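Single-letter residue listing:
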Amino acid sequence: MNQTVTLNKVEQKLRHANRKHARLYLFCNFTALMIISAYSGLMFSPTIQTAFPSGGDSRKQMNVIFILTLIGCVIFTIYAASLFFRHKSKQLGILMALGASRKRLAPTLFREILLLSSLSSISGIIAGFPFIWIIWNLFRLLLIDSTDMQLDFDFKCLPVSLLFFTLVLTFTCFTAWRYLHKTNIMEVIREEHINEPVRELGKWCGPAGCLLLAAGVLMGYWGPSLYCDLANVMLPPAWMNLLYAPAFAGLYMIMLHAVVHGFRTYKKQPYKNILSRSMMKFQGKQTVNNMIVVALLIAGSCFGIFYIPVTAVGSMMKYAAQPYDYFYCYRADQSIPDESTVRMLAQKHGLRIKDWERFEYITLGYGGITSVMEEDGIHFHEEYDRILSESKTLSEDTWRALSGMDTTVRSGTYLCITNQEQTSYSVSPYAEHITNMVSREQIATKYAGIAVSDFSSLTNTPGCRILNQKDYDRLIEGLTDDWKGFIVRFNIDGKDSYAFADELYRLLVGSTDDTCMVTHYYDRVNKTITNEKGDDWWGDQPSEAPFMRVNPKQINSISFRMGWMYHPDFRILNQNDFLLSTSVLLMMFLFIFIVCLMTALVICYTRCQTIALNNRYIFDDLRKLGASPDFLAKEVRSQCRSVFRTPSLVGMTIIYLIFILLLYGNDWQLVLTELIALCICLGILGIIGVCIYLIYRLTVKNIIKKLKIR
Amino acid sequence: MLYVKDLYKSYEAGKNKYQVLKGVDFHVQHGEFVAVMGPSGSGKTTLLNCISCYIPFDKGAITIGETNLAGQSEDMLAHFRNTKIGFVFQDFMLLDGLTIRENILIPRIIQDEVTPDAEELANKLASLFGISQIMDKYPAEISGGEKQRAAVARSLINHPLIILADEPTGNLDSKSSRAVIEAFGEAKSRMNATICMVTHDSFAASFCDRVILLKDGTVYKQLENGGNQSQFQDDLLSAIKKMNMEI
Ligand SMILES: Nc1ncnc2c1ncn2[C@@H]1O[C@H](COP(=O)(O)OP(=O)(O)OP(=O)(O)O)[C@@H](O)[C@H]1O
Ligand SMILES: [Mg+2]
């Protein structure tokens, strides 16, 4: 007989016997790291970095969901590792009981887990890049393609995955160490069968959880701005994010309720579904953790996908509502193509222009309130400046001709132009002085209300105001051409052509000089005033350049199309360009959706698989006790259902309510476009629900086959 | 050889605390073959697990020979378990991934010295217990009694000084039970091993030198074997009957 049966050989054999569990662990770890690596790879890629304005809301959302995914993956890998160890511990325990010392067992154990973890993690990290590359390029191939979408990688993203990798290693080593150092060997042996009960709270914990969740979301959302108002500071301190904490506690309590009590009352049939309910309770902690993670991930994925209709519906409806096909502004000192040139261009494209009109506007300095930082750098107070910012200005008559409305403006007052929904940020009621920036002629004025326009050229920053004709005539006196401008609008007789719009757009950009290549935030009045005081204007700092200037060479980029102060409203161009110009943003959110949903489904799938793997003997026993295949199949279904259903429902509901809150909260009303977007989101939820249901069915089928029930 | 003094052990399950051993006191002499009997749930397995330090106990002292196991370093403890103790678990605890032969040899494998001697001993024990033909099978492929015999063979492979056996004959027919008891008897006479065996079987117990009756977490009574086996078995049965009457 073979003389060299060594402990190593035996352990090798035991590993072989364990391979099913090892494979599951490899799969989980690989998936988690692939997702992390893909997500971070995309997030840190220059493509995304340039598309997402830093400090902007969409970037914040992207980061929050990334952190969410990260947390999800952490809990998931910890879960996978503990599953692996749960199974492994019986062997360890028996060997220890028979007198194998820790020193003897440690090297092979550590070697095994290090090997498994590193192998799966490293291949996961590497696989993340082709994974994202393929998805991204499929987007480009099938959905939208623009030059902005060229995907580059920046290897600054690697530390995230490596950090995660270290975490995985640390955790698994720590768990192994803990098992080796347990003094209660019987506990190590029985680990697999040991109950992990959850704290049993009363039936109040579900409703209380809902309340806490709602309170957490509301507090987290409004708390910071309330605090800023009360404490007179500009930025809420970072700890204000802790206000969201009750929401997580609430989520925990809801899941606890689902696990401990279920959402139905079983008073009439106390033994209905008793098996699946007791199995859920048996591994209560894991179940609750898993459900929270899945709920959060599903919430994240819905958030990602909701972003698309919410952005798109508003813009699309706005373009459709535009009363004119072409609308643009330009400064009078620019050599912009005149009417006959444009008409000839249209003719070249077989189009005929009608309703051509040109209006005059001027740019004036308006007073306003600034926040002045106090010396402590935290508090601030407000001061009124007579000359603060620039604004386009129309005369009463021009506005009447332009809008067709019979608006009157009393002398000594002004109106602000805003959009239909009145969500424009350029409405400012604080100006009490208006100044001609050349002659420095100044008149006193007062805010007298709003006027509505559908053109973003008039409602975007720096906004546009309307003056009484007499005031206007007085202030235009002595203005040079660079403070004057024109608004042109016309329609196309018949069907419009994208080629014409595009060529006209390029012509406009091409005939505008460098002084006008600025963003909406560039404020000549503010700059002039600051420079006159002998200070450097903040917008001139090199670090601000990306937010202040646009580069006409990047005419196709999002930053140019979204940022340029003189970007025209050409309906057909806007409609066609909307998807292109926001493609990176939309695709990023689509990707977030896919990744989060995928992670959630993988976790659910794994969870169901482990139920099958761990409770195989229960099903065997039940079969021996005479359970019919139908009964067993029903038990499997009900187990899997609880894994999939509650977290999906909770996650979807939460995010839908949060979206209503966001849309309502941004302007304290739900406008038509927002309602339509919400309806679309509801439809999307339905589709996601169907997807989850299909995966659930597949999982059930797979498990029934594995357990040989039929 | 084995001293158990005033041993207390309780389990915690959730909020409840179950006192299982409440001051167990006895000793086993060197080379003595002792049976521990008592109703199911009286704490026999718990007692054996405490003796081999598989589980921590609340109070009391256990010494084997000169050593107090509870005070030993992990390495010493492991070495002691491996070379000095033979343990038969109530639920066998065979490793699923290994053949029966490997399972029997595991205590030797842990020492990394599977000598031809050891293999010969394994074969000898196997033929003694009638499991030679299943040596290359896996635990999942053999019967309960065969597993039990393999577990007993494993406990004897290292020539242990003390054997702690938890119902080693529970699943066996009288012939196999006999073989197990005789193997313990031989370990006792040849190696001067000390044996502490938990059993419900008064016939198996009647082969022992002494029987310790355990009830409600304390030692209820000890009976010495006067030399006449069937007489001893009758004594045992009446003592157990009497014990069960007193509730
Ligand atoms: N890990 C544990 N946690 C909680 N209670 C336990 C645990 N193990 C045993 N018990 C309880 O301790 C008591 C004694 O158990 P033990 O296994 O020692 O009984 P036993 O005398 O060996 O019984 P049997 O003859 O049936 O094997 C029982 O009531 C049992 O319920
Ligand atoms: Mg027992």
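So, how was this worked out
- Residues numbered from 1 in each chain as written.
- Chains lettered and ligands numbered in written order.
- Predicted model: local features only at pLDDT ≥ 70, side-chain atom pairs only at ≥ 80, totals over all residues.
- Heavy atoms only, no water.
- Helix = DSSP H or I, 4+ residues; strand = E, 2+ residues; numbered from the N terminus.
- Expected span 1.5 Å × (residues − 1).
- Buried < 20%, exposed > 50% of the residue type's maximum accessible area, 1.4 Å probe, protein only.
- Contact = heavy atoms within 4.5 Å.
- Salt bridge = Lys/Arg side-chain N within 4 Å of Asp/Glu carboxyl O.
- Donors = N, O, S within 2.8 Å, 3.2 Å for Na, K, Ca; no water.
- Buried area = accessible area lost by both parts, 1.4 Å probe.
- Polar contact = N/O pair within 3.5 Å; in protein donor to acceptor, adjacent residues only side chain to side chain.
- Nonpolar A, V, L, I, M, F, W, Y, C, P; charged D, E, K, R; others polar.
- Pairing = 2+ DSSP bridges.
- Axes fitted to C-alpha atoms, helices over the stretch in contact; angles between N-to-C directions.
- Patch = residues over 30% accessible without salt bridge, like charges linked within 9 Å, V, L, I, M, F, W, Y side chains within 5 Å.
- Areas by Shrake-Rupley, 256 points an atom, 1.4 Å probe, with all protein chains shown as cover.
- Near = heavy atom within 4 Å.
- Lys, Arg positive; Asp, Glu negative; His and termini not counted.
- Charge placed at Lys NZ, Arg CZ, Asp CG, Glu CD.
- Disulfide = S-S within 2.5 Å.
- Right-handed = clockwise from strand over helix to strand, strands pointing away.
- Parallel < 35°, antiparallel > 145°, perpendicular 65-115°, else oblique.
- Left-handed = near helix turned anticlockwise from the far one by under 90°.
- Domains from an automatic or database assignment.
- Core = buried A, V, L, I, M, F, W, Y, C linked by side-chain atoms within 4.5 Å.

Caption draft 1: Spatial organisation of helix H6 (residues 158–180) of chain A. All names here are of chain A. The first and last C-alpha atoms of H6 sit 33 Å apart over 23 residues, in line with the 33 Å expected at 1.5 Å per residue. Within H6, the full set of buried residues consists of Val160, Ser161, Phe164, Phe165, Val168, Thr172, Thr175, Ala176, Tyr179 and Leu180. Lining the buried residues of H6 we find helix H2 (19–43), helix H4 (57–97), helix H5 (102–142) and helix H7 (185–190).

Caption draft 2: Geometry of the pattern of salt bridges. Residues and elements named next belong to chain A. As enumerated under the stated definition, the model contains 28 salt bridges over all chains in all. Glu503 serves as the salt-bridge partner of Lys348, at 2.9 Å between the closest nitrogen and oxygen. Of this pair, Lys348 sits in helix H12 (residues 339–348) while Glu503 sits in helix H16 (residues 498–510), and the two are 155 residues apart along the sequence. Note that Arg474 and Glu441 form a salt bridge whose closest N and O atoms lie 2.9 Å from each other. Taken together, the residues span a long stretch of sequence, with Arg474 in helix H15 (residues 469–476) and Glu441 in the loop between strand E5 (433–435) and strand E6 (442–444) at a distance of 33 residues.

Caption draft 3: Just the coordination of the magnesium ion (ligand 2), in detail. Residues and elements named next belong to chain B. Donor atoms from the polypeptide that bind the magnesium ion (ligand 2) are Thr45 (OG1) and Gln90 (OE1), placed at 1.8 to 2.2 Å. Of this pair, Thr45 sits in helix H1 (residues 44–51) while Gln90 is found in the loop between strand E6 (85–88) and helix H3 (100–111), placing the two residues 45 residues apart along the sequence. Overall, the relative accessible area of 29% leaves Thr45 in the partly exposed class.

Caption draft 4: Local environment of the interface of chain A and chain B. Chain A puts 28 residues into the contact, and the matching count from chain B is 30 residues. Taking both sides of the interface into account, the surface hidden between chain A and chain B amounts to around 2700 Å²; carbon and sulfur atoms contribute 62%. Note that Lys103 of chain A and Asp75 of chain B form a salt bridge whose closest N and O atoms lie 2.4 Å from each other. Linking chain A with chain B are nine residue pairs in polar contact (both at pLDDT 80 or more). Counting residues per element, the ones that place at least two in the side of chain A that touches chain B are helix H1 (7–17), H4, H5 and H7 of chain A. Within the side of chain A that touches chain B, the residues separate by chemical class into 15 nonpolar, eight polar and five charged.

Caption draft 5: Region of interest: unusual backbone geometry. Residue and element names in this part refer to chain B. The residue His159 is not glycine, and still its phi comes out positive at about 45°. Within the element layout of this structure, His159 appears in the loop between helix H5 (144–156) and strand E7 (162–166). Residue Glu167 is not a glycine yet carries a positive backbone phi of 45°. Tracing the backbone through its elements, the reader meets Glu167 in the loop between E7 and helix H6 (174–191). For Glu167, a relative accessible area of 15% corresponds to the buried category.

Caption draft 6: Region of the structure containing the sheet that holds E7 of chain B. Residue and element names in this part refer to chain B. In spatial order, the strands read E6-E7-E8-E3-E9-E10; together these six strands make up an open sheet with mixed pairing. Bordering the open sheet on either side are E6 and strand E10 (218–224), each of which pairs with just one other strand. The sheet shows a mean angle of 15° between the axes of neighbouring strands, taken without regard to direction. Across six bridges, strand E9 (residues 210–215) lies against E10 in antiparallel orientation. Residue pairing in the sheet places Leu214 in a bridge with Val219 of E10. On the sheet, H1 packs against strand E3 (33–37), E6, E7, strand E8 (194–198) and E9 and is oriented at approximately 150° with respect to E7.

Caption draft 7: Region of the structure containing a nonpolar patch on the surface. Together, Trp133, Ile134, Leu138, Leu141, Leu142 and Leu143 of chain A make up an exposed nonpolar region whose accessible area comes to about 670 Å². Its place among the elements puts Leu138 of chain A in helix H5.

Caption draft 8: Representation of the site of ligand 1. All names here are of chain B. The full set of residues close to ligand 1 is Tyr11, Val20, Ser40, Gly41, Ser42, Gly43, Lys44, Thr45, Thr46, Gln90, Glu167 and His200. One nitrogen or oxygen atom from the side chain of Ser40 is found 2.6 Å from an oxygen atom belonging to ligand 1. Within the side chain of Thr46, one N or O atom sits 2.5 Å away from an oxygen atom of ligand 1. Across the complex, the protein chains shield 62% of the 630 Å² of accessible surface that ligand 1 would expose by itself. Split by residue class, the shell around ligand 1 holds two nonpolar, eight polar and two charged.

Caption draft 9: Structural context of a positive patch on the surface. Residues and elements named next belong to chain A. Among the surface-exposed residues, Arg19, Lys20, Arg23, Arg616, Lys706 and Lys708 lie close enough to one another that they form a single positively charged patch. When residues of the positive patch are assigned to their parent elements, the largest contribution, three residues, is made by H2. Following the sequence through the fold, Arg19 ends up in helix H2.

Caption draft 10: Expanded view of the pairing of strand E3 (residues 380–395) of chain A. Residue and element names in this part refer to chain A. Sheet topology places strand E2 (residues 352–373) next to E3; 11 bridges connect them, and they run antiparallel. Considered in E3, the bridge of Tyr366 is made with Ser389. Counted between consecutive antiparallel strands, the loop separating E2 from E3 contains six residues, among which Gly377 sits at a positive phi close to 80°.

Caption draft 11: How the structure looks around the state of the cysteines. Under the counting rule described, the total for this entry stands at zero disulfides over all chains. The thiol of Cys73 of chain A is unpaired, and the distance to the nearest cysteine sulfur, on Cys596 of chain A, comes to 8.8 Å.

Caption draft 12: Structural detail: the pairing of E7 of chain B. All names here are of chain B. With five of its five residues buried, E7 lies for the most part within the structure. Going residue by residue along E7, you find Ile162, Leu164 and Asp166 tucked away on one face and Ile163 and Ala165 tucked away on the opposite face as well. Pairing of E7 with E8, which is carried by five bridges, proceeds in the parallel orientation. Bridge pairing in E8 links Ile162 to Thr194. After leaving E7, the chain enters H6 and then returns to the sheet as E8, a path that is right-handed.

Caption draft 13: Structural view of the packing of H4 of chain A against H6 of chain A. Residues and elements named next belong to chain A. Relative orientation of the contacting elements H4 and H6 amounts to 30°, with a least axis distance of 9 Å. Classified by the interaxial angle, the pair formed by H4 and H6 is roughly parallel. In the crossing of H4 with H6, the sense of the turn from one axis to the other is right-handed. Packed against H4, whose contacting residues are Phe66, Leu70, Cys73, Val74, Thr77, Ile78, Ala81, Phe85, Arg86, Ser89, Leu92 and Met96, the element H6 presents Val160, Phe164, Leu167, Val168, Phe171, Thr172, Thr175, Ala176, Tyr179 and Leu180 at the interface. Residue composition of the contact of H4 with H6, grouped by class: 17 nonpolar, four polar and one charged.

Caption draft 14: Quick look at the domain arrangement of chain A. Under the domain assignment, chain A is made up of domain 1 (1–194) and domain 2 (329–571). For domain 1 of chain A versus domain 2 of chain A, the distance between C-alpha centres works out to 54 Å.

Caption draft 15: Structural detail: the nonpolar core. Grouped together as the largest cluster of nonpolar side chains are 211 residues, with contacts concentrated most on Tyr39 of chain A together with Ile51, Phe129 and Phe184 of chain B. Here this core takes 21 residues from helix H21 (residues 583–614) of chain A, the largest share from any one element. Each residue touching Phe184 of chain B, except ones within four places of it in the same chain, is listed here: Phe33, Val152, Leu156, Ile163, Ala165, Pro168, Ile195 and Met197 of chain B. If you look at the next biggest cluster of nonpolar residues, it comprises 53 residues, including Ile353, Phe359, Leu415 and Leu573 of chain A.

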